[in-house]
Amino acid sequence: MYNSKIIGIGKYVPDNVVTNQDLSKIMDTSDEWITERTGIKERRWVVEGSDDTTATMGVKAAKQAIERSGLNKDDIDFIIFATLSPDMYFPGPGVQVQHALDIKTVGALDVRNQCSGFIYALSVADNFIKTGMYKNILVIGSELHSHGLDKTTRGRGVSVIFGDGAGAVVVSREEDNSKGILSTHLHSQGEHAEELVVKAPGMGTRWVTDIIADNDENDDSYFPHMNGQFVFKNAVVRFSEVIMEGLIKNNLQKENIDMLIPHQANLRIAQFIQKKFGLTDDKVFNNIMRYGNTTAASIPLALCEAWEEGKINEGDTVVLAAFGSGFTWGSAIIKW
Ligand code: UT7
């Protein structure tokens, strides 16, 4: 059995910055409310008509990750793409990356686990590499939320939170079993599927033709809905559990954590976890203030910036953790 190691990391965000003040001009909200409840000050939203899509942003992040890995694109032998906002209903964006990067006909897998998507994707990559099936896997998390949000006061509880962007890593075979991804931990609880959901269009619920036929201007089933307080309460419990699970599995103590990268859902959630684990400010990385919640992109985007800022160094114990729609949650314990 091998280990797997992140050897390259990249990111991409669209240029267009949307501040809380900008949002207060189009819906009944305020910088004060958004900052106090979420920590978010601004996010990136793709401008209508731009070339940026979930797939193209993923490709840009992937190119940077491959370049920084020192590999050639043709060394990549598998692609995994995590998103809840694919360009097309099907096929998923994995194949668009294969085509855009002109990588020979390697497999491309799409992962649909929302905010936990990147951890799930990383876990799949890790296990494919551990068994020796693949050597160099490209893992991407990318989201274009802004086109699908209800940007009226009706949708303010959700739309002020989400932003667009992408992150990517190259995961590669590591022969030293004490280095790289030490373990990943995945969970779900489908009884809460509708607490954070986009119900339509869905083959089993309402398809696009039903929506058009109904022509109901009050229909909001195709916008995301979130039972915010319920999600928040579950998030803080599950984040803590799944980080502990990873530490216990590797005989580590909370004092051994050099860097925690929590999924960027809400700064208050991250601060709660930081306090619970007794971590100093330099041991937790947050960028939700600048990007909002970018779902499957949030962890690779934060990991990339932490690494670029020199906050992650060789030998560090890095913990990634996520919770979100599904509910799904997970963690990864990495020896960098
Ligand atoms: O990434 C996936 C996982 N997601 C999460 O973990 C998110 C978890 N939940 C949260 O982060 C928080 O619940 C929110 C930030 C979504 C909401 O914060 P909250 O403190 O739970 O607020 P609330 O939903 O209880 O709403 C409080 C009030 C309501 O007004 P009333 O009923 O008290 O009069 C809302 O209508 O705030 C109102 N409100 C807003 N006001 C101004 C909701 N959204 C807004 C807004 N601007 N954007």
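Because the structure is a prediction, the values reported are computed rather than measured.

Peer 1: Describe the overall build of the chain, naming the residues involved and giving the relevant values.
Peer 2: Within the chain, the secondary structure is distributed over 11 helices and 13 strands. Projecting the C-alpha coordinates of the chain onto the three principal axes gives extents of approximately 60 × 45 × 35 Å. Among the 336 residues that make up the chain, the fraction classed as buried is 54%. Contacts in the chain between residues at least 24 apart in sequence constitute 78% of all its contacts with a sequence separation of at least 6.

Peer 1: I'd like a rundown of the environment of His-147, residues and numbers included.
Peer 2: Considering the arrangement of structural elements, one finds His-147 in the loop between strand E6 (136-143) and helix H6 (156-159). In sequence terms His-147 and Asp-164 are 17 residues apart; their C-alpha atoms lie 9.5 Å from each other.

Peer 1: With reference to specific residues and values, describe the side chain of Glu-143.
Peer 2: Within the secondary structure layout, Glu-143 lies in strand E6. Look at Glu-143: it is buried, it has no salt bridge, and the nearest opposite charge is Arg-112 at 9.5 Å. In terms of polar contacts, Glu-143 uses its side chain to reach the side chain of Thr-83, at 2.9 Å. Of the polar contacts made by the side chain of Glu-143, one reaches the backbone nitrogen of Ala-296; its length is 3.1 Å. Not counting the four nearest positions on each side in its chain, Glu-143 is found in contact with Thr-54, Met-57, Thr-83, Leu-84, Ser-85, Gly-163, Asp-164, Gly-165, Thr-294, Thr-295, Ala-296 and Ala-297.

What counts and what doesn't
Residues numbered from 1 in each chain as written. Predicted model: local features only at pLDDT ≥ 70, side-chain atom pairs only at ≥ 80, totals over all residues. Heavy atoms only, no water. Helix = DSSP H or I, 4+ residues; strand = E, 2+ residues; numbered from the N terminus. Buried < 20%, exposed > 50% of the residue type's maximum accessible area, 1.4 Å probe, protein only. Contact = heavy atoms within 4.5 Å. Lys, Arg positive; Asp, Glu negative; His and termini not counted. Salt bridge = Lys/Arg side-chain N within 4 Å of Asp/Glu carboxyl O. Polar contact = N/O pair within 3.5 Å; in protein donor to acceptor, adjacent residues only side chain to side chain.

This is a description of form; function is not addressed.
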